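Observations on chain architecture
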Amino acid sequence: MAQKKKIGFHMSISGGVFNAIGEALDLGIETFQIFLKNSNRWESPPLKEKDIEKFRSLWKSNANLSIHGHTGYLINFAGEGENLEKSMLLMAQEMNRADALGIPTLVLHPGNHKGAGIDTGIERISENLNRIFSENPGKVKILLETMAGQGTSIGHEFENLAAIIEKSDYKERLGVCLDTCHIFAAGYDFSNEKLYDELIINFDKTVGLKNLELIHLNDSKKQCGSRVDRHEHIGKGEIGERALGFFLRDERLHEVPFIMETPVEEDYGNRENLKVVLEMMGERSPGSGH
Ligand code: FE
Ligand code: FE
Ligand code: ZN
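Not measured: the values here are computed from a predicted model. Residue positions within a chain follow its written sequence, with the count starting from 1. A letter from A marks each chain and a number from 1 marks each ligand, given out in the order of writing. Thresholds applied to this predicted model are a pLDDT of at least 70 for local features of residues and 80 or more for the giving and counting of side-chain atom pairs; totals over whole chains, interfaces and linings are not thresholded and use all residues. Side-chain metrics rest on all non-hydrogen atoms present in the structure, leaving aside hydrogens and water.

Right, let's talk about the overall build of the protein chain for a bit. Scanning the protein chain from terminus to terminus reveals 9 helices and 12 strands. Restricting the calculation to C-alpha atoms gives the radius of gyration, and the globule rule supplies 2.2 Å times the number of residues raised to the power 0.38. Relative to the 2.2 N^0.38 estimate, which gives 19 Å for 290 residues, the radius of gyration of the protein chain is 18 Å and therefore close to what a compact globule would have. When its C-alpha atoms are laid out on the principal axes, the protein chain stretches across 60 × 50 × 35 Å. Should any heavy atoms of two residues lie within 4.5 Å, those residues are considered in contact. Pairs at least 24 apart in sequence give 75% of the contacts found in the protein chain among residues at least 6 apart. For accessible areas, the Shrake-Rupley method is used with a probe of radius 1.4 Å. Any residue's cover is judged against the shown protein chains and nothing else. If you sum the accessible surface of the protein chain, you get close to 13,300 Å²; carbon and sulfur atoms cover 48% of it. Secondary structure elements are taken from DSSP: a helix is a run of H or I of four residues or more, a strand is a run of E of two residues or more, and numbering for both begins at the N terminus.

Here it is as structure tokens:
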């Protein structure tokens, strides 16, 4: 039988990185994503050696888990000057942590050009990625995420990501993460099967499906083309179950892990979103007992 499709969540690492593995096993998911540092701060205390060991040994005994990292939000590879140097330093720390934990991929928001323009921003991102890879040999791959197009962020058009990869000297260390909420907010309409198919063909022609290593499966609170990034529970937003289902059932994407970054509320969170997704895939919900 073909390998089971991997579905999971962005998970909290409060109390220690290894906690995310325990929670994943508890939920019965096959993949998850974590931040390796505080996502909104320049400084975080170093990972404890015993936490790293605990994480690695837990992962080793659950080796089918596909684990991914997401970099902090302060990193801007389209920036300049002091901010760029701080971004470089932070990214190097993220990469060292990923290597220490054995995490193979780090999702990155490509950058904000802050008025310099998209083309200049793309040039800078590509050059700065060359620099970070040359200074940090390691193993970790960077996955450029598709963006919603808020402010001056780069990556709301597939062509942006294609151009960054095209200009890179380290193509083998780059990949892409497609976020369904972000592309929808950016203006990609996949509300019916024909539009969905055209979207995937367009993605393949620009970025290349071979570069697609991760999907962020999120519904959107805001309309198509709003360029506002607000995640919603699966099936409760503007995208809806029908259109998200196209991704879930697409054989071309079967090998790609799907990570939800859906809200966690007191009475509705990961367990509920997982149930909805498994039902959409035609699988029984966890613990339904038959
Ligand atoms: Fe992201
Ligand atoms: Fe995302
Ligand atoms: Zn988002």
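We call Phe, Tyr and Trp rings a pair once their centres come within 6.5 Å, taking the six-membered ring for Trp, and we label the pair stacked below 30 degrees between planes, edge-to-face above 60, and tilted otherwise. Counted under the stated rule, the structure contains 9 aromatic pairs. Where Phe-190 meets Phe-247, the ring centres are 5.2 Å apart and the plane angle is 85 degrees; that geometry is what we call edge-to-face. In this pair, Phe-190 is assigned in the loop between α6 (180-186) and α7 (193-206) and Phe-247 in helix α8 (residues 240-248), connecting sequence segments 57 residues apart. Relative accessible area decides the class of each residue, using a 1.4 Å probe on protein chains only: under 20% of the type maximum gives buried, over 50% gives exposed, and in between gives partly exposed. On the basis of relative accessibility, which here comes to 1%, the residue Phe-247 falls in the buried class. Measuring from centroid to centroid gives 5.5 Å for Tyr-196 and Phe-246, while their planes differ by 40 degrees, and the two rings are tilted. Placement of the pair is Tyr-196 in helix α7 and Phe-246 in helix α8, with a sequence separation of 50 residues. Phe-246 shares its class with Tyr-196; the two are buried. Chaining the aromatic ring pairs together yields one cluster made of Phe-184, Phe-190, Tyr-196, Phe-246 and Phe-247.

Listed donor atoms are N, O and S within 2.8 Å of the metal (Na, K and Ca: 3.2 Å). As water is not included, a site may look incomplete. In the first shell of the zinc ion (ligand 3), the protein supplies His-182 (NE2), Asp-229 (OD), Asp-229 (OD) and His-231 (NE2), at 1.9 to 2.5 Å from the metal. For a four-donor site, all angles between 85 and 135 degrees give tetrahedral; for four or six donors, opposite pairs above 155 degrees with the remaining angles between 65 and 115 give square planar or octahedral; all remaining cases count as irregular. What the 4 donor atoms of the zinc ion (ligand 3) show is an angle range of 53 to 136 degrees at the metal, which sorts the shape as irregular. Metal-to-metal, the separation of the zinc ion (ligand 3) and the iron ion (ligand 1) is 5.3 Å. With His-182 in helix α6 and His-231 in strand β11 (residues 231-232), this residue pair connects regions lying 49 residues apart in the sequence.

Here we come to the coordination of the iron ion (ligand 2). Each protein donor to the iron ion (ligand 2) is listed here as Glu-145 (OE), Asp-179 (OD), His-216 (ND1) and Glu-261 (OE); together their distances run 2.1 to 2.2 Å. Classification of the site at the iron ion (ligand 2) as irregular follows from its 4 donor atoms and the range of 83 to 167 degrees in their angles at the metal. Each donor residue of the iron ion (ligand 2) belongs to the same chain, with the gaps between them written as E-x33-D-x36-H-x44-E. Metal-to-metal, the separation of the iron ion (ligand 2) and the iron ion (ligand 1) is 3.4 Å; Glu-145 coordinates the two. With Asp-179 in strand β8 (residues 174-179) and His-216 in strand β9 (residues 212-216), this residue pair connects regions lying 37 residues apart in the sequence. Each member of the pair, Asp-179 as well as His-216, carries the same accessibility label: buried.

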